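# Architecture and fold: a report
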Amino acid sequence: MVTNKTASKQDEQEIIELWDRSVTATHDFLTQEDKETMREEIPGLFQFVDLQLWYACDELVGFSGRNKHSLEMLFIDPQLQLRAMEQLFYKN
């Protein structure tokens, strides 16, 4: 079962670590310098969105940020992405 909670300042480090894993797995066009710059800027963006943490079995698996009706950010743990793909292939 997937659950969510509103993020707080205390969650920031865990969010950044998940962001880094997700970006490393999916954004191969970014240089290391790009990632480092973005990593420093991202926490400043949290104040502009409704930041939600998503959990499966009490494990953080992603986070999203909405501004009114617009999804501004969505990052999923790459291990969850891999498990979801494996399930999809095993079903077919």
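To be clear, the structure that these remarks concern was listed above.
The sections below set out a description of the structure shown in this document. Not measured: the values here are computed from a predicted model.

### So, the overall build of the protein
- Helix and strand counts for the protein stand at three helices and four strands.
- Listing the helices and strands of the protein from first to last along the sequence gives β-α-α-β-β-β-α.
- Burial statistics for the protein: of 92 residues in total, 30% are counted as buried.
- Taking as baseline every contact in the protein between residues at least 6 positions apart, the subset at least 24 positions apart corresponds to 50%.

### Section: the side chain of Asp77
- Among the structural elements, Asp77 can be located in the loop between strand E4 (70-76) and helix H3 (78-91).
- Classification of Asp77 by relative accessible area gives buried; the value is 7%.
- Of note is the side chain of Asp77, whose polar atom sits 2.9 Å from the side chain of Arg21.

Reading the values: rules and limits
Position numbers for residues count from 1 along each chain, tracking the sequence in the order it is written. Local features in this predicted model are restricted to residues of pLDDT 70 or higher, and side-chain atom pairs are both shown and tallied only at a pLDDT of 80 or more, whereas totals for entire chains, interfaces and linings draw on every residue. The basis for every side-chain value is the complete set of heavy atoms in the structure, and neither hydrogens nor water enter the calculation. Going along the chain from the N terminus, every DSSP run of H or I of four or more residues is numbered as a helix, and every run of E of two or more is numbered as a strand. Relative accessibility under 20% of the residue-type maximum defines a buried residue, over 50% an exposed one, and the middle range a partly exposed one, all with a 1.4 Å probe and only protein chains included. Residue contacts are counted whenever heavy atoms from the two residues lie within 4.5 Å of one another. Counted as a polar contact is a pair of N or O atoms within 3.5 Å, where, for protein atoms, one must be capable of donating a hydrogen and the other of accepting one, and residues adjacent in sequence contribute only when both atoms are in side chains.

In short, shape yes, function no, at least from these values alone.
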